[in-house]
Amino acid sequence: MLAIETQKLSRSFKGKPAVSSLNMHVPNGSIYGFIGQNGAGKSTTQKMICGLLHPDEGKISLYGKSGDDAEIRSKIGVIIESPALFPNASAYENMMMQAMNLGVSNPDKKIKEILKLVGLSDTDKKKSKLFSLGMKQRLAIGQTLLGDPRLLILDEPTNGLDPQGIIEIRNTLQKINTEQGITILISSHILGELSRIATHYGIIKQGEMIEEIDKEALREKCKEYMTVHVSDTHKAEGVIRLALEGKHEIEVTEDAVHIHHYQDGEKINRLLVDNGIYASEIKQHKMDLEEYFLAAMEGRTHA
Amino acid sequence: MLNLIKMDLRRTFRTPLLYALLLGLGVMLGTFAMTGVMGENQSIAALIGPVSSTGDMMSTMGMSMVLIFGAIYIVSIIGKDFSTGFIKNILTIHANKSTYIMAKLVVGTIASACMLVFYVVLMVILGMIQGLPLGIPSIGGLVLFLLGKLLLAIALNALLIGFELTFRNLPISILACFMFGMGGATMLLSMLGNSLNIPILHTISTFTIAGSSSIGTLTVAVGDIVHIVICGVAWLVFSLITGCFIMKRKDV
């Protein structure tokens, strides 16, 4: 079952499309990393899923039911754009407001547990307007954990956190996902961190979903490849293809030939020299999520 | 909806806003009562509202301020929901957006009722300080008068809820509270009716919230009571329908 499914979701603002025919598939129990540049449509998509924006077109399903299903919606924890906190209220009071919003019975114990989990149990009566950004972010995450949610929708939840805070939040999200099976849709710019916890990814560009991929497939695609910078890429491609006999995938860009899952640089160099092709650089790569994302943005699926 | 009501009631009685408004109301009206600005202070009843006739505007001003301050309270807490972003948490969890409006209306009613009770108690105390006689024509009349005011307060709250949800600008909404509560539109209609010699405009003006509020007296007059109930319910229904329509269509 899919926790979230969108079909041809579209939304424009003043005639300018923000999200365009977006199809998203978030598996139940996954941590889905939603990646895109600033202004790509991530927050708009998340707001539509939460019912805060009306789509112009398309359909949203949550756990197989309509996006407006009251029971399902009551089990969503959300942080969109910024922490939603009452500035003159303490951490405990902010949590209590959310607990009452959710209808949590006997919330006192649960609130104290979660405040301890997010490292805010010693803030006492300090008003949240005096919190650092990181503390506010942690409090907002704490709010999402009230009410035993099934689904968390988090828009850059580690913004403003120090490295220790990022690790703590990462561990918390991983723990609740593993132990409680909570599905998490998370957008983040810190791709390195995302790659440590996400099980699935969706890459959005200019309002369109350009790729959805799971962790295993991504790992497969990000294996070693070799980049050969040459002046005559056309000739080099022909020579290399002939030599490798179709055993390795080859991709050509403006100034380089990329050979996937291939490591013998010496052989390639000799091959090019024998054919009168000058190679300015031969480099071995192993792509990470950041490089994969950049490649996807440029329309290059493999390099 | 019950969860939202409980949440807002906690805010109502644990945060200073309601108490600040009560204090402001008390100081303002107390000053007017002690200095005799609020109509003819011949009795404690006269401090609460017009005894037997509509009287002049000042005699109804006290109650108008109660209605206005009640409306200010409700637009303030809605404004706070939006300015803090907490509205995102609320509307994600509560898929039916009409629930939000209904809950705010219930809490606004309770706040307005608190202000009404405070106002009556304050006027009784001030009247006693001034040595005024009670002068209440009948207890039934007083109860009906207060219930009528509460109904109009609810209608005004509903109207201003729709206003705040549409414009999401607290200063403008507070201005609107005074405009609608003091009867800006009512006065305009009435003035136009007089100057253009169109009596029907004056009649129409009595069907606004402020216009209806100015009709009520402490003396039981069945026609006036029916007028107030019809206007109150009509404006309440209209405002709720409009507010729910706006809420469902406007983005957060």
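Refer to the structure printed above.
In this text, all values refer to a predicted model and were calculated from it rather than measured experimentally. (Residues numbered from 1 in each chain as written. Chains lettered and ligands numbered in written order. Predicted model: local features only at pLDDT ≥ 70, side-chain atom pairs only at ≥ 80, totals over all residues. Heavy atoms only, no water.)

(A) Fine view of the interface of chain A and chain B. Facing 30 residues of chain A, the contacting portion of chain B comprises 26 residues. Regarding the contact of chain A and chain B, the summed buried area is about 2400 Å², with carbon and sulfur atoms giving 55% of it. Inspection of the chain A/chain B interface yields two salt bridges. Salt-bridge contacts for Glu93 of chain A lead to Arg10 of chain B; the nearest nitrogen and oxygen are separated by 2.7 Å. (Contact = heavy atoms within 4.5 Å. Buried area = accessible area lost by both parts, 1.4 Å probe. Salt bridge = Lys/Arg side-chain N within 4 Å of Asp/Glu carboxyl O.)

(B) Region of interest: helix H5 (residues 86-93) of chain B. With eight of eight residues buried, H5 of chain B is to be regarded as a mostly interior element. Regarding H5 of chain B, the residues found buried are Phe86, Ile87, Lys88, Asn89, Ile90, Leu91, Thr92 and Ile93 of chain B. (Buried < 20%, exposed > 50% of the residue type's maximum accessible area, 1.4 Å probe, protein only. Helix = DSSP H or I, 4+ residues; strand = E, 2+ residues; numbered from the N terminus.)

(C) Representation of the pattern of salt bridges. All names here are of chain A. Evaluation of the coordinates by the stated rule reveals 15 salt bridges over all chains. A salt bridge links Glu193 to Arg196, with the nearest nitrogen and oxygen atoms 3.8 Å apart. Of this pair, Glu193 and Arg196 both sit in helix H7 (residues 191-197), separated by three residues, roughly a single helical turn. A salt bridge links Arg270 to Glu266; its shortest N-O distance comes to 3.4 Å. Residue Arg270 and its partner Glu266 are both found in helix H10 (residues 265-274); the two are separated by four residues, about one turn of the helix.

(D) Representation of the pairing of strand S4 (residues 57-62) of chain A in the model. Residue and element names in this part refer to chain A. Two strands pair when backbone bridges link them, and strand S1 (residues 2-13) and S4 are joined in this way by five bridges, in the antiparallel orientation. Its bridge partner lying in S4, Glu5 is registered against Ser61. One ladder, built from two bridges, connects S4 with strand S5 (residues 65-66); its direction is antiparallel. Paired with Leu62 across the two strands is Lys65, which belongs to S5. Here S4 folds back onto S5 in antiparallel fashion, the turn holding two residues, of which Tyr63 has a positive phi close to 50 degrees. (Pairing = 2+ DSSP bridges.)

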